Amino acid sequence: MLPVLSLLPLLALPAWSLDDASMRARSVYQLVTDRFALPGNGTTACDPSQMKYCGGTWQTVIDHLDYIQGMGFDTVWISPVVENINDTTAIGQAYHGYWTLNPANLNSHFGSADDLKALSKALHDRSMYLQVDVVINHVAATSSSTFQPSSAYGAFSQSSDYHPFCWIQDYTNQTEVEDCWLGDSNVALADLNSESDTVQNYWNGWIKQLIADYNIDAIRLDTVKHVPHASWKSFTSSFDVFNQGEVLNDDPAYIASYQKNASVNPFNYAVYYPVTFTFNSTKFSMDQLISMVDQVKGNFSDPTLLGNFLNNHDNPRFESYQTDKAMIKNAHAYPLVTDGIPYVYYGSEAGFNGGADPANREPLWTTAYNTSSDMYRFFTSLNAARAAAGAANNSFYQTQMNLTGMTANELLVAKPPLISLLSNRGSSSSSEDITIPVSQTQWAPNTAIIDAVSCNTFTTNAGGDLVVKIENGQPRVFIADAQKGKVCDPSLFKNETSVPASSKPKGGAGKVNASFGLLAVLGAAASCMLL
Ligand code: ABC
Ligand code: CA
């Protein structure tokens with residue numbers, strides 16, 4: 001299936017929902033629906049600190065799919081879609097979508113049922129996919145003391161549908177984490193009685209219907225650790241599409257229990273923490289990151305199904321505490337070149353640097369959707385390299401990587417045919433020669449190897465080793481030139497608003513385009529045969 005999927009843009013195939021194998025080959029762009037785009041290319045001011053609706057909709061996501069697809073992302077994770085409380089509280093409005101009122105209705109701020117259907121159709125028409133965020137742990141109320149179950153909450157109108165009120169205070173007490181309430185005195189998140197058959201049956205039927213009504217391809221699960229494993233198992237077995245779940249914890253064994261016992265594929269919060277500190281300081285060796293990856297491999301039944309991310313809507317953006325451009329690129333490269341499914345949070349391509357929630361939910365319209373920025377090109381290049389690796393080797397996505405500390409500052413990520421050299425030395429430093437051994441790469445002797453980041457070409461020596469330097473702290477993402485597909489092809493950057501001459505990739509555009517044309521024809525023929 002994998003080579004067929006990776007050639008999808010070349011063929012007008014019907015879209016289908018994502019299973020494990022097809023999800024591994026995806027690259028996800030996470031956006032906050034309210035903050036991604038305004039109708040009619042509007043630019044109305046939006047101050048994240050106000051925590052109010054700013055006006056983004058499902059239709060405005062449709063209007064800007066070129067921008068997302070132009071970077072090589074093929075899946076879009078949108079905010080929760082259901083009706084939320086309409087109050088303006090001391091912590092603002094439900095612009096993020098996590099304050100559910102009645103899950104049987106849609107959030108009219110984001111559009112109509114037809115608009116949401118139009119979004120999945122617009123994505124499928126481009127061979128892209130829709131991932132929807134769902135919350136089954138709670139509904140919302142403005143106060144824990146005045147909260148009354150009622151028909152306003154749709155099916156959850158009885159006291160027996162809820163756990164009795166208590167705030168979660170001790171996050172190490174699992175009973176409390178599951179049975180007490182999230183939120184605060186401004187917005188209480190009334191904790192549903194997930195063990196009850198009524199609640200469980202409702203959610204199981206609801207998710208099946210939601211997926212069918214809107215042709216949803218994948219689900220993001222909110223607040224996983226706040227619902228018991230058994231309830232997740234029942235929930236996840238009631239639908240067919242891929243799920244990625246938020247278990248906000250740094251302990252790999254704890255997170256892995258949800259993959260093992262509840263069929264939830266967690267986001268990789270275990271590796272998130274060492275990635276953020278390793279690439280945030282020139283003084284950190286690669287050891288802790290390598291050791292965490294070892295623990296992840298030991299704990300998870302399948303690490304290649306984890307969701308990798310550097311930024312999201314809950315944590316301060318990496319750019320809020322690190323300004324060195326080379327460090328930022330290395331940190332962003334990690335999720336795209338390692339085991340698992342990459343998730344890139346909107347605005348990373350625009351250099352956004354918002355800190356903790358709500359500052360990390362900036363409006364994207366202030367950027368005019370610039371497709372020529374250095375980071376927009378960087379994500380385009382990395383997605384192209386990852387796709388080329390998947391196209392060249394159909395076990396690429398499910399074969400586990402090997403990490404090696406090459407120097408105190410350089411990490412080798414060997415996931416053939418994609419071989420990356422990441423660094424935390426920073427932009428003011430370059431390395432001595434580093435020898436990447438053939439044992440890690442499977443590269444043939446005297447072979448041309450392209451670095452997708454710089455678009456420079458290198459050649460392996462007579463033994464197949466590659467000797468390179470890290471220059472100015474920039475990451476290197478290598479793939480054998482013969483397998484490169486669209487890597488560094490000028491047509492990749494055709495969407496650019498304006499191309500700074502200095503950053504144009506080297507090489508004759510005409511020639512590369514012609515050979516890619518041939519590749520495309522061969523690829524299409526091969527995938528028709530596979531079908
Ligand atoms: C609002 C305001 C914020 C304000 C906050 C109190 O209230 O906007 O300014 O600070 C939604 C909205 C938020 C909103 C909340 C509450 O609702 O998006 O803006 O915040 O009203 C998910 C979603 C998240 C969403 C919800 C609620 C849940 O991704 O966007 O929030 O549906 C916990 C939950 C986690 C949840 C997260 C926000 O809160 O477990 O599911 N995310 C520790 C705890 C975690 C806890 C985390 C929160 O703190 O263990 O359980 O997450 O800060 C590691 C440890 C971790 C530790 C971290 C900090 O450090 O291993 O355990 O996490 O080393
Ligand atoms: Ca709960």
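Residues numbered from 1 in each chain as written. Chains lettered and ligands numbered in written order. Predicted model: local features only at pLDDT ≥ 70, side-chain atom pairs only at ≥ 80, totals over all residues. Heavy atoms only, no water.

Concerning the state of the cysteines
Turning to step 1, where the next piece is worked out: For the structure on display, the rule yields 3 disulfides.
Turning to step 2, where the next piece is worked out: One disulfide in the model links C46 with C54; its S-S distance is 2.0 Å. Taking the sign of the S-S torsion, about 80 degrees here, the bridge from C46 to C54 comes out right-handed.
Turning to step 3, where the next piece is worked out: Given the relative accessible area of 12%, C46 is considered buried.
Turning to step 4, where the next piece is worked out: The residue that forms a disulfide with C166 is C180, at a sulfur-sulfur distance of 2.0 Å. The sign of the -95 degrees torsion about the S-S bond sets the C166-C180 disulfide as left-handed. Of this pair, C166 sits in the loop between strand 4 (138–141) and helix 7 (174–179) while C180 sits in the loop between helix 7 and strand 5 (182–183), and the two are 14 residues apart along the sequence. (Disulfide = S-S within 2.5 Å. Buried < 20%, exposed > 50% of the residue type's maximum accessible area, 1.4 Å probe, protein only. Helix = DSSP H or I, 4+ residues; strand = E, 2+ residues; numbered from the N terminus.)

Regarding the nonpolar core
Turning to step 1, where the next piece is worked out: Y29, I68, I78, W232 and Y334 are the most contacted members of the largest nonpolar core, which has 144 residues in total.
Turning to step 2, where the next piece is worked out: In terms of residue count, the dominant contributor to this core is helix 14 (residues 374–392) (8 residues).
Turning to step 3, where the next piece is worked out: Ignoring sequence-local partners within four residues, the contact set of I78 consists of L31, T33, W58, L116, L119, L130, Q131, V132 and D133.
Turning to step 4, where the next piece is worked out: Counting residues in hydrophobic clusters, the runner-up holds 14 residues, among them A414, I434, I436 and A480. (Core = buried A, V, L, I, M, F, W, Y, C linked by side-chain atoms within 4.5 Å. Contact = heavy atoms within 4.5 Å.)

Quick notes on the pattern of salt bridges
Turning to step 1, where the next piece is worked out: Inspection of the entire model under this criterion finds 18 salt bridges.
Turning to step 2, where the next piece is worked out: Two residues, E246 and R220, come together in a salt bridge whose shortest N-O distance is 3.8 Å. Separated by 26 residues along the polypeptide, E246 in the loop between strand 8 (242–245) and helix 10 (252–262) and R220 in strand 7 (residues 218–221) bring together distant segments of the chain. Each of the two residues, E246 as well as R220, counts as buried.
Turning to step 3, where the next piece is worked out: Where D314 meets R361, a salt bridge forms, and the shortest distance between an N and an O atom there is 3.4 Å. Here R361 lies in the loop between strand 10 (341–345) and helix 14 and D314 lies in the loop between strand 9 (307–309) and helix 13 (325–337), a separation of 47 residues in the sequence. (Salt bridge = Lys/Arg side-chain N within 4 Å of Asp/Glu carboxyl O.)

Considerations on the site of ligand 1
Turning to step 1, where the next piece is worked out: The environment of ligand 1 is formed by 23 residues, the closest being K225, H226, E246, D314 and D357.
Turning to step 2, where the next piece is worked out: Separating an oxygen atom of ligand 1 from a side-chain N or O atom of D357 is a distance of 2.7 Å.
Turning to step 3, where the next piece is worked out: Within the complex, 70% of the 1,100 Å² of free accessible area of ligand 1 lies under protein.
Turning to step 4, where the next piece is worked out: Structurally, ligand 1 is housed in the second largest pocket. (Near = heavy atom within 4 Å. Polar contact = N/O pair within 3.5 Å; in protein donor to acceptor, adjacent residues only side chain to side chain. Areas by Shrake-Rupley, 256 points an atom, 1.4 Å probe, with all protein chains shown as cover. 1 Å grid on protein atoms, 1.4 Å probe; cavity = no way out; pocket = protein on both sides within 12 Å on 5 of 7 lines; lining within 4 Å. Sits in = over half its atoms within 2 Å of the grid points.)

A few points about the pairing of strand 6 (residues 188–191)
Turning to step 1, where the next piece is worked out: Residues A188 and A190 of strand 6 are buried on one face, and the alternating residues L189 and D191, pointing to the opposite face, are buried as well.
Turning to step 2, where the next piece is worked out: When strand 4 meets strand 6, the two strands line up antiparallel, connected through 4 bridges. Pairing of A141 across the sheet is with A188, part of strand 6.
Turning to step 3, where the next piece is worked out: When strand 5 meets strand 6, the two strands line up antiparallel, connected through 2 bridges. In the strand pairing of strand 6, L182 is matched with L189.
Turning to step 4, where the next piece is worked out: As consecutive antiparallel partners, strand 5 and strand 6 are separated by 4 residues. (Pairing = 2+ DSSP bridges.)

A short note on the UniProt feature "site: Transition state stabilizer" (unreviewed entry) in the protein
Turning to step 1, where the next piece is worked out: Within this numbering scheme, the UniProt entry marks D314 as carrying the feature "site: Transition state stabilizer" (unreviewed entry).
Turning to step 2, where the next piece is worked out: Those residues in contact with D314 that lie beyond four places of it in its chain are R220, E246, D357, N360 and R361. (UniProt positions renumbered as here; feature names shortened; annotations may be inferred.)

Focus: the packing of aromatic side chains
Turning to step 1, where the next piece is worked out: Using the criterion set out here, one finds 37 aromatic pairs in the structure.
Turning to step 2, where the next piece is worked out: Ring centres 6.3 Å apart and planes at 45 degrees place the aromatic pair F73 and F379 in the tilted group. Remark: F379 occurs in helix 14 and F73 occurs in the loop between helix 5 (65–69) and strand 2 (75–78); sequence separation between them is 306 residues.
Turning to step 3, where the next piece is worked out: Taking the relative accessible area as the measure of exposure, F73 reaches 1% and is therefore buried.
Turning to step 4, where the next piece is worked out: Ring pairing ties together the aromatic residues Y29, F36, Y67, F73, Y369, Y376, F378 and F379, which thus form one cluster.
Turning to step 5, where the next piece is worked out: Here R35 stacks its cationic end above the ring of Y95, 4.0 Å away from the centre of that ring. (Phe/Tyr/Trp six-rings, centres within 6.5 Å; stacked < 30°, edge-to-face > 60°. Lys NZ or Arg CZ within 6 Å of the ring centre and 35° of its normal.)

Description of the layout of surface pockets
A probe matching the size of a water molecule, rolled over the atoms, marks out where space remains unfilled.
Turning to step 1, where the next piece is worked out: In this structure, the second largest pocket occupies an estimated 720 Å³ of space.
Turning to step 2, where the next piece is worked out: Along the walls of the second largest pocket sit 27 residues, with W99, G183, L189, D314 and D357 positioned nearest its centre.
Turning to step 3, where the next piece is worked out: Partitioning the lining of the second largest pocket into residue classes produces 14 nonpolar, 6 polar and 7 charged. (Points joined across faces, edges and corners; volume = space filled by probe spheres on them. Nonpolar A, V, L, I, M, F, W, Y, C, P; charged D, E, K, R; others polar.)

Considering the pairing of strand 8
Turning to step 1, where the next piece is worked out: By the alternation rule, side chains of strand 8 split into F242 and Q244 and N243 and G245, which are all buried.
Turning to step 2, where the next piece is worked out: Pairing of strand 7 with strand 8, which is carried by 4 bridges, proceeds in the parallel orientation. Across the sheet, residue I219 finds its bridge partner in strand 8, namely N243.
Turning to step 3, where the next piece is worked out: Handedness of the crossover is the feature at issue here: the chain leaves strand 7, passes through helix 9 (residues 229–236), returns alongside strand 8, and the resulting connection is right-handed. (Right-handed = clockwise from strand over helix to strand, strands pointing away.)

Points about the sheet that holds strand 5
Turning to step 1, where the next piece is worked out: One open sheet holds the 3 strands; their spatial order is 4-6-5, and the pairing between them is antiparallel. Two strands in the sheet have a free side with no partner beyond their single neighbour: strand 4 and strand 5.

Examining empty space enclosed by the protein
Turning to step 1, where the next piece is worked out: Tallying each qualifying case throughout the model produces 9 cavities of 30 Å³ or more.
Turning to step 2, where the next piece is worked out: Put simply, the largest cavity is a space of about 80 Å³.
Turning to step 3, where the next piece is worked out: Lining the largest cavity we find N268, V271, V293, V296, K297, P303, L306, N308, Y334, T338, D339 and M401.
Turning to step 4, where the next piece is worked out: Top element by residues in the lining of the largest cavity is helix 12 (residues 287–299). It accounts for 3 residues.
Turning to step 5, where the next piece is worked out: For the lining of the largest cavity, the per-class residue count stands at 7 nonpolar, 3 polar and 2 charged.

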